[in-house]
Amino acid sequence: MRPFRLGLLAALFAALMTPAVALAADKDKAGAAAGYNAAQLKRGAAEAAGVAAKSGIGCQVTGAAWVGGTKADKKANTPERNLYEVACSGAMGFMLQADVGGTGAVQAFSCLESLSGVPCKLPENQNSIALLGQAMGKNGATCDIDKVRLIGQVPTAQAIYIEALCKQGTGYVVKTSMPLDLSKPIKAEDCLIYDVAATNVKCTLADLPTRLQVVDKYAAAAKLATPCTVKDRRFIGPLKDGTVAYEAACEGGKGWVLKVDNKGGVTGLECAKAPTLCELSDARQAMTEQAGLYTNLAKAAGSSCVVDSYAVFPPQAGQEVLELTCKDGSEMVGVFPAKGSGKVYDCGHALVAGFRCAPGKLNYAPLTADLKKLGKTDCNVSETQLRAKSAKGNPQIEVACADGLPGYVVEYTDPATPSEALGCNLVGCTLAANNKKKGG
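Residues numbered from 1 in each chain as written. Predicted model: local features only at pLDDT ≥ 70, side-chain atom pairs only at ≥ 80, totals over all residues. Heavy atoms only, no water.

**A short note on the confidence of the model for the protein chain**
Phase 1 of the analysis: Put simply, the protein chain has an average pLDDT of 85, and 90% of its residues get 70 or more.
Phase 2 of the analysis: Counted against residues more than four places away or in other chains, residues 1–33, with its pLDDT under 50, gives 73 contacts. (pLDDT = per-residue confidence, 0-100. Contact = heavy atoms within 4.5 Å.)

Here it is in structure tokens:
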């Protein structure tokens, strides 16, 4: 399987900077582990708001403490510095590192980032994890957070990356702004993407088998046609329709693709109908068995198609719709309801029924035959498109003719029965081939 490419992310993480808070308060000045002493709170109240204003974090300070300081180091060429903790009204709190005398930029580290360094102690800042969980939920990733881990900062991208482990075992890599501002959009991607991605960023708060246990939950939620006792699991990845796909291999050999939408809804697709997505089950054998089933359904619908392969149309309410490739090379569309007889159309008449075969699969001979039934013997159909229904409510198609003269609009009482053909010189046609010449 090809690894996922995450754009410039892999390159950006080569320059990761974890918080550089090397300042540590003297034990006598830091106060008890449960909080700060009165002197620290007093100094924080006097100085921290001004430091916060210079930091650019947009914090309305509601509480503050001076955490500690370091002296200047001439050998290391570092100035004297102070570290403050601030609580912000309705938002995440921060640790602020500032040079004495205001000679350098103020460095700001959110309380989430400071978990790996000097932890925030103010009572107002003990909700950092809850605030992250709320922000994730607003941005489409529901997670009852159990643990968080700072991955690092990418200054060139002005981004902070955090790993969040949910209590149900799933995990996310969360990208936020830098400085962290949870009121701005954040992006949360499943850790499973990073397990297969070509990047050095990996989730570590839980192992892969633990994260994949979510597949069992999805298999139960999908209400599969046949129950699945999951024996093996695999992450497939995001699909073009916006869902995220997982593979479940079941006891007994059956396999399913489980598609999860952004609201948590789960739909199941048999591996026999999506063999290119499945690796854990024998999709080829399942597909062969399924082809035999569709041959029988096509026969019951009056078709002689012996199905060699098939492709599934998007789900239709109460019925399966498939493009069938027959062993004689012809292409059909099968519409098979859950109960009762189905319908099988050649690709031309399938268009009348509202289904379009893959490009290059349409055989125009049946549509030419329809015109002849209506007395239009001068046209060999070379192109067609679906039109709006007629005034009678019947389906219509527009056809172009191989000789280049204007074609016809053909009305059908049902997808297999033509009732009327009107020339493009009488009704408005839109195919380019029907507007090259007028008359005829």
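**Topic: the sheet that holds strand S18 (residues 396–401)**
Phase 1 of the analysis: The strand order across the open sheet built from four strands is S17-S18-S19-S20, with neighbouring strands paired in antiparallel fashion. The two strands at the open ends of the sheet, each matched to only one other strand, are strand S17 (381–387) and strand S20 (417–423). Each strand axis lies, on average, 25° off the axis of its neighbour in the sheet, ignoring direction.
Phase 2 of the analysis: In this sheet, strand S19 (residues 408–414) lies alongside S18 in antiparallel orientation, the contact comprising four bridges. Residue pairing in the sheet places glutamine 396 in a bridge with glutamate 411 of S19. (Pairing = 2+ DSSP bridges. Helix = DSSP H or I, 4+ residues; strand = E, 2+ residues; numbered from the N terminus. Axes fitted to C-alpha atoms, helices over the stretch in contact; angles between N-to-C directions.)

**Quick look at the layout of surface pockets**
Phase 1 of the analysis: Space inside the second largest pocket adds up to approximately 690 Å³.
Phase 2 of the analysis: Lining of the second largest pocket is provided by 26 residues; of these, Gly140, Ala141, Tyr172, Asp261 and Asn262 occupy positions nearest its centre.
Phase 3 of the analysis: Within the residue set of the lining of the second largest pocket, elements represented by two or more residues are strand S8 (187–190), helix H7 (214–221), strand S9 (230–238) and strand S10 (244–250).
Phase 4 of the analysis: At four residues, S8 tops the list of elements feeding residues into the lining of the second largest pocket.
Phase 5 of the analysis: Tallied by class, residues from the lining of the second largest pocket come to twelve nonpolar, eight polar and six charged. (1 Å grid on protein atoms, 1.4 Å probe; cavity = no way out; pocket = protein on both sides within 12 Å on 5 of 7 lines; lining within 4 Å. Points joined across faces, edges and corners; volume = space filled by probe spheres on them. Nonpolar A, V, L, I, M, F, W, Y, C, P; charged D, E, K, R; others polar.)

**Thoughts on the sheet that holds strand S2 (residues 81–88)**
Phase 1 of the analysis: Strands sit in the order S1-S2-S3-S4 across an open sheet of four strands; the sheet is antiparallel. Pairing within the sheet leaves two strands with one partner each, and these edge strands are strand S1 (61–70) and strand S4 (107–110). Adjacent strand axes in the sheet meet at a mean angle of 20°, parallel and antiparallel pairs treated alike.
Phase 2 of the analysis: Pairing of S2 with strand S3 (residues 94–99), which is carried by six bridges, proceeds in the antiparallel orientation. Note that in S3 the partner of valine 86 across the bridge is phenylalanine 94.
Phase 3 of the analysis: Sheet contacts for helix H3 (residues 38–55): S1, S2 and S3; angle to S1, the most-contacted strand, approximately 100°.

**Some details on helix H4 (residues 128–138)**
Phase 1 of the analysis: Of the positions making up H4, those classed as buried are Ser128, Leu131, Leu132, Gly133, Ala135 and Met136.
Phase 2 of the analysis: Where H4 is buried, its residues touch strand S5 (145–154), strand S6 (159–166), strand S7 (171–177) and S8. (Buried < 20%, exposed > 50% of the residue type's maximum accessible area, 1.4 Å probe, protein only.)

**Describing the pattern of salt bridges**
Phase 1 of the analysis: Overall, the coordinates contain 13 salt bridges when judged by the stated rule.
Phase 2 of the analysis: Here lysine 254 makes a salt bridge to glutamate 270, at a shortest N to O gap of 2.9 Å. In this pair, lysine 254 is assigned in the loop between S10 and strand S11 (255–260) and glutamate 270 in strand S12 (residues 266–270), connecting sequence segments 16 residues apart.
Phase 3 of the analysis: The exposure class assigned to lysine 254 is partly exposed, which follows from its relative accessible area of 34%.
Phase 4 of the analysis: With relative accessibility at 14%, the residue glutamate 270 sits in the buried group.
Phase 5 of the analysis: When salt bridges with common partners are traced through the structure, they connect Arg234, Glu247 and Glu279 into a single cluster. (Salt bridge = Lys/Arg side-chain N within 4 Å of Asp/Glu carboxyl O.)

**Side note on the packing of aromatic side chains**
Phase 1 of the analysis: By the definition in use, this model includes five aromatic pairs.
Phase 2 of the analysis: Aromatic side chains tyrosine 218 and tyrosine 246 sit 5.1 Å apart centroid to centroid with 50° between the ring planes, which places their arrangement in the tilted category. Placement of tyrosine 218 in helix H7 and of tyrosine 246 in strand S10 is noted, with a sequence separation of 28 residues between them. Side by side, tyrosine 218 and tyrosine 246 carry an identical accessibility label, which is buried.
Phase 3 of the analysis: Within the aromatic cluster, the residues linked to one another by ring pairs are Tyr218, Phe235 and Tyr246. (Phe/Tyr/Trp six-rings, centres within 6.5 Å; stacked < 30°, edge-to-face > 60°.)

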